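Chain residues, written in single-letter form:
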Amino acid sequence: MAKNIIAFLMLSIMLILAACSPSQENVASDQFNLSTLKLAGGTDWGAPNPYLHDPRGPGTAKMKLIFDSLLEADEEGDIAWLAKDWQIEGNVYTFTLYENARFHDGQPLTTADVAFTIDYYKQFPPVTNYLDVDGESIVERYEVVDDQTIKLIVSEPMATTLVKLGSFVILPKHIWENVSDPYNYNEAEAFIGSGPYKFGSYEPATGSYEFLANGDYHGPKPVTERLLFVPVSDPLLAFDNGEIDLTDVPIDAMEKYKNNPAIGMIAKENDMGYKLLVNMESFSQFKDVKMRKALYHALNREAIVEKVFRGSGTVGSAGYVPPTNYFYNENVLKYDYDPTAAAAVFADQKIAVELLISNTADDVKVAELIKNDLNNVGIEIQVLSVDTKVRDEKVLAGEYEFAVVGNGGWGRTPDYLRTLYSSKSKFTGSNPHFMGPLGYDNELITELAESQLLELDFERRKEILQELQYEISKEVPIVVLATKTTYVMFKKDYYDGWVKTYDYQQLEQNRLSYVEKK
Amino acid sequence: MTKLKFYLIILLIMALIFGYGSFFYPHSAARPEGISLQRPSKEHFLGTDDLGTDIFAQLSKGFFISVFIGITTAIIAMFLGGSIGMVSGYVGGKTDFLISFVINLFLSLPQLPVMIVVGAFFGQSIGNVIAIIALFSWAAIAKVVRAKTLQIKRNTYLHLAKSYGASFFYLFRKHLFTEVFPLLLINSLTVVGRAILQEASLAFLGLSDPLTRSWGLIINKAMSFTGIYYTDYWQWWLLPPVTCLVLTIYCLRMIAREAENLIIGAD
């Protein structure tokens, strides 16, 4: 009897241990290469639909797993996605859809849905409005040729027109035509798209997301049956325990992994950057360029790279675009750390400022260094640390004095210079790339920022963007602090299909990373 | 040497060490003055953090911040809990019923979640942290004081004093306060330790001023350094504040217990 009890207890313990131990439940499913692919969640990036997601990259990326656009981008350029073919003739962009494209509820996706979406977005702009430039839709009108062919006529062709037309996500007309308040519509149908993944579940409190493979997808097959974003306390430990399949590698832990042949690593060079925004409506003395240049001199930005980024990054270019970006102008003006010169400018001004930051670890560290540097030159700083979303909302509403904002996407084609610096375009979107200098306008900068968008000749556009950077470096309306290079790692033998686009380095936000490659 | 003295001496030694760190040690607790993440050395006794700020200087400042928060909270809680408890016990009737209801309400609330919500609402500052912790510390003291007051109230000498025309303030000064005070002191001592721990918890959760140097924040910063366990940094960045926190709380708890034994023994 006693033996039986002991045996039973041993068996129970073994079963409990087996259940608790991290497991790679991740073997191939019947239909897909993997049964589960897991990434670190834990942050609420909003519900994954065009009207409810968070405007930052991770929010948009989750929405785009469910909702398809006409085109996608790979490492070389634009590729077919919902549209199998496209042609450009002057102002007319003709797209031909795949015949077998369907929504997740089985309804066919046709040009009627594309046309409906364009009209619907004019009436109810989505969170990320690719069709909008300076508050106007770029699509002047459209012609539905047949169920698969549609001609989109734009008012004026721009350098980014094809990307913009290829990026807006298509809504199912049969669902949304009855929705009069999309901003509060969160029924199950609100998450029916036509993308490679279907909506599984979303838990805002824990920042958990579940996406399920769309077995009937018209395009490249999803790689995993379930794609999960799960909350983890320490991403690195979670990665080692097999709880997630991809994570950032801290520079200090690089040694442990870099020689491991089973681990793959990809760098995202200077794609994350930090800037200091000055509200010149509240502090009009900073309208004087001498004061703004003195801010540059006051800040030891090298220390941010060395201490906060652990040496993995670059001091911010005064022209905003980081040195690793193809469009970077190496002739932009540079400002050295010169606290004596800065102190001479700020002397006797008695400036006291509230510095708005988000409560993330890096933001707090950056704020600490800024506070010390500015105190040294005679500016009193009071730090206000809030949640990232609250910080973003306050900045967009202009409710700040100084603010530190960090965001990704600095490696992109720098049309973001337009949305940051042009008086016409700044603050016309909710993404950090629209958070420009408040109370500052410059005609030449606005003209250059807007004209680069209209320039169709690539080399000429590059020249304009470089000229724009130079002007920005002369005027310094925003203090560009530093850009950061991060590294992600993954287990190669489990899944190594992570890809960047030619324009965006955040590979975990790229839906091509989650479908089979040719 | 009694146990009470032993724990008091430990606290005193800590105060002396951290007093040196706060007033005579050549490094600042606020400004990065060294290379990032330096190992402990003669120059930096406990090394530096990722920004290059001296950890011993931060710990020293953190000790006094923690003790200040603990003692201030305890004084507020002692004053509030003591006066409310005595009024409730002495006046009785509907007042007692109402106060007892409020006391029980505060005691039944899950403290940390409510503190997190209140902390997030009021914003991050040491003053707010003290106010929030004090708000949740007075009720336990008031309950004990009320019970003791009720017990004292039944004593015949109190009735006798009253019949001779003793005023409330005379009774309070001569009888109530003198008898309640030892109990008040013991309960307040436990508040000191608890307040330090709660401040550390709130700071760890990011609800304290992010640039202060409390121990909770030092722990928070160390733990938010991704991959700290894969390096040696935790040995001088994480271990010392955790050890100091545990040691201080333990000493304060033991002092409160020994004081209680001493007073009960004397009774």
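Residues numbered from 1 in each chain as written. Chains lettered and ligands numbered in written order. Predicted model: local features only at pLDDT ≥ 70, side-chain atom pairs only at ≥ 80, totals over all residues. Heavy atoms only, no water.

A.B. asks: Any chance you could explain the overall build of chain B here in plain terms?
C.D. replies: Helix and strand counts for chain B stand at 11 helices and zero strands. Along the three orthogonal principal directions, the C-alpha set of chain B runs to about 75 × 45 × 25 Å. Of all 267 residues assigned to chain B, the portion counted as buried reaches 47%. Across chain B, contacts joining residues at least 24 apart in sequence account for 69% of those joining residues at least 6 apart. Charged side chains of chain B number 20 positive and 13 negative; the gap between the two group centres comes to 14 Å. (Helix = DSSP H or I, 4+ residues; strand = E, 2+ residues; numbered from the N terminus. Buried < 20%, exposed > 50% of the residue type's maximum accessible area, 1.4 Å probe, protein only. Contact = heavy atoms within 4.5 Å. Lys, Arg positive; Asp, Glu negative; His and termini not counted. Charge placed at Lys NZ, Arg CZ, Asp CG, Glu CD.)

A.B. asks: I keep staring at the overall build of chain A and nothing clicks. Help me out?
C.D. replies: Across its full length, chain A carries 15 helices and 19 strands. The C-alpha radius of gyration computed for chain A amounts to 25 Å, which stays within 12% of the reference 24 Å derived for 518 residues, consistent with globular compactness. Referenced to the eigenvectors of the C-alpha coordinate spread, the extents of chain A come out at roughly 85 × 75 × 40 Å. Put simply, chain A has 518 residues, and 54% of those count as buried. For chain A, the exposed surface amounts to about 21400 Å²; the carbon and sulfur share of it is 50%. Each charge class in chain A was averaged separately, 48 positive and 77 negative side chains, and the resulting centres sit 3 Å apart. (Rg over C-alpha atoms; globule rule 2.2 N^0.38 Å. Areas by Shrake-Rupley, 256 points an atom, 1.4 Å probe, with all protein chains shown as cover.)

A.B. asks: Help me out: how do you make sense of the interface of chain B and chain A in this one?
C.D. replies: How big an interface is tends to be reported as the loss of accessible area on association of its parts. Facing the 23 residues of chain B at the interface are 22 residues of chain A. Counting the surface lost from both chain B and chain A, the interface buries some 2000 Å², and carbon and sulfur atoms represent 60% of this. The largest per-residue losses of area from chain B upon contact with chain A belong to Leu51(B), Leu211(B) and Tyr230(B), which jointly make up 36% of the total buried on that side. Taken together, chain B and chain A are joined by three salt bridges. In this structure, Arg213(B) and Glu368(A) form a salt bridge, with 2.3 Å as the shortest nitrogen-oxygen distance. The residue inventory of the side of chain B that touches chain A, partitioned by class, reads 10 nonpolar, nine polar and four charged. (Buried area = accessible area lost by both parts, 1.4 Å probe. Salt bridge = Lys/Arg side-chain N within 4 Å of Asp/Glu carboxyl O. Nonpolar A, V, L, I, M, F, W, Y, C, P; charged D, E, K, R; others polar.)

A.B. asks: Would you mind showing me how to read the layout of surface pockets here?
C.D. replies: Unfilled space is identified by rolling a water-sized probe across the atoms. All names here are of chain A. Estimated volume of the second largest pocket: approximately 420 Å³. Lining the second largest pocket are 17 residues, and of these Ile79, Pro220, Leu512, Glu516 and Lys518 sit closest to its centre. Tallied by class, the residues present in the lining of the second largest pocket amount to nine nonpolar, two polar and six charged. (1 Å grid on protein atoms, 1.4 Å probe; cavity = no way out; pocket = protein on both sides within 12 Å on 5 of 7 lines; lining within 4 Å. Points joined across faces, edges and corners; volume = space filled by probe spheres on them.)

A.B. asks: Would you explain a nonpolar patch on the surface in this entry?
C.D. replies: On the surface, Leu237(A), Leu112(B), Phe204(B), Leu205(B), Met223(B), Tyr229(B), Trp234(B) and Leu239(B) cluster together into a nonpolar patch covering about 660 Å² of accessible area. Mapped onto the elements of the fold, Leu237(A) is located in helix H6 (residues 235–240). Note on Leu237(A): relative accessible area 33%, which makes it partly exposed. (Patch = residues over 30% accessible without salt bridge, like charges linked within 9 Å, V, L, I, M, F, W, Y side chains within 5 Å.)

A.B. asks: I would appreciate a short explanation of the packing of helix H2 (residues 55–91) of chain B against helix H8 (residues 168–204) of chain B in the present structure.
C.D. replies: For any two helices packed against each other, the geometry is given by the interaxial angle and the distance between the axes. All names here are of chain B. Contact geometry of H2 with H8 gives a least axis separation of 7 Å together with a crossing angle of 140°. On the basis of their axis angle, the class for H2 and H8 is oblique. In this structure, the crossing between H2 and H8 has a hand that is right-handed. Mapping the contact onto sequence places Ser66, Val67, Ile69, Gly70, Ile71, Thr73, Ala74, Ala77, Met78, Gly82, Met86 and Tyr90 in H2 and Phe168, Leu171, Phe172, Leu176, Phe177, Leu184, Ser188, Val191, Val192, Ala195, Ile196 and Glu199 in H8. Considering only residue class, the contact of H2 with H8 consists of 18 nonpolar, five polar and one charged. (Axes fitted to C-alpha atoms, helices over the stretch in contact; angles between N-to-C directions. Parallel < 35°, antiparallel > 145°, perpendicular 65-115°, else oblique. Left-handed = near helix turned anticlockwise from the far one by under 90°.)

A.B. asks: Just to check I follow, could you spell out empty space enclosed by the protein for this structure?
C.D. replies: Throughout the structure, instances matching the rule amount to one cavity of 30 Å³ or more. Counted as a void, the largest cavity has a volume near 40 Å³. Residues of the lining of the largest cavity, tallied by class, amount to seven nonpolar, one polar and no charged.

A.B. asks: Quick question: what am I supposed to make of the sheet that holds strand E4 (residues 83–89) of chain A here?
C.D. replies: Consider a sheet: its strands pair through backbone hydrogen bonds, and that pairing is either parallel or antiparallel. Residues and elements named next belong to chain A. Sheet architecture is open: four strands sit in the order E4-E5-E9-E8, paired in antiparallel fashion. The sheet is open, and its two edges are formed by E4 and strand E8 (139–144), each paired on a single side. When the angles between neighbouring strand axes are averaged without regard to direction, this sheet yields 20°. Strand direction decides the pairing type here: strand E5 (residues 92–97) and strand E9 (residues 149–154), joined by five bridges, are antiparallel. For Phe95, the partnering residue across the bridge sits in E9 and is Ile150. (Pairing = 2+ DSSP bridges.)

A.B. asks: So what exactly am I meant to see when it comes to the pattern of salt bridges here?
C.D. replies: Where side chains of opposite charge bring their charged atoms close, a pairing between them can arise. All names here are of chain A. Under the criterion given, the structure shown has 28 salt bridges over all chains. Across the salt bridge formed by Glu210 and Arg226, the nearest N and O atoms sit 3.0 Å from each other. A residue pair is termed long-range when its members are at least 10 positions apart, and Glu210 in strand E11 (residues 208–213) and Arg226 in strand E12 (residues 224–230) qualify at 16 residues. Classification of Glu210 by relative accessible area gives buried; the value is 17%. Of the residues examined, Arg226 reaches a relative accessible area of 29% and is grouped as partly exposed. For Arg391, the salt bridge is made with Asp363, and the minimal N-O distance between the two is 3.0 Å. You can see Arg391 sitting in helix H12 (residues 388–396) and its partner Asp363 sitting in helix H11 (residues 361–376), a full 28 residues away along the chain. For Asp363, a relative accessible area of 2% gives the class buried.

A.B. asks: Hey, could you run me through the pairing of strand E1 (residues 34–40) of chain A in this one?
C.D. replies: On a regular strand, each side chain points to the face opposite its neighbour's, so the side chains alternate between the two faces of the sheet. Residue and element names in this part refer to chain A. Taking burial as the measure, the seven residues of E1 include six buried ones, the bulk of the element. As paired elements, E1 and E12 share six bridges and run parallel to each other. Counterpart to Thr36 in the pairing with E12 is Arg226.

A.B. asks: Would you mind going over the domain arrangement of chain A with me for this structure?
C.D. replies: Residues and elements named next belong to chain A. When its domains are assigned, chain A resolves into domain 1 (5–66 + 196–248 + 494–514), domain 2 (71–175) and domain 3 (269–485). Every contact between the two is made by 24 residues of domain 1 and, on the other side, 27 residues of domain 2. When the two sides are added together, the surface that domain 1 and domain 2 hide from each other amounts to roughly 2000 Å², 60% of it contributed by carbon and sulfur. Three residues, Tyr51, His218 and Tyr502, lead the burial of domain 1 against domain 2; their summed loss comes to 37% of the area buried on that side. Our enumeration of links across domain 1 and domain 2 arrives at one salt bridge. Where Arg511 meets Glu72, a salt bridge forms, and the shortest distance between an N and an O atom there is 2.5 Å. Linking domain 1 with domain 2 are nine residue pairs in polar contact (both at pLDDT 80 or more). (Domains from an automatic or database assignment. Polar contact = N/O pair within 3.5 Å; in protein donor to acceptor, adjacent residues only side chain to side chain.)

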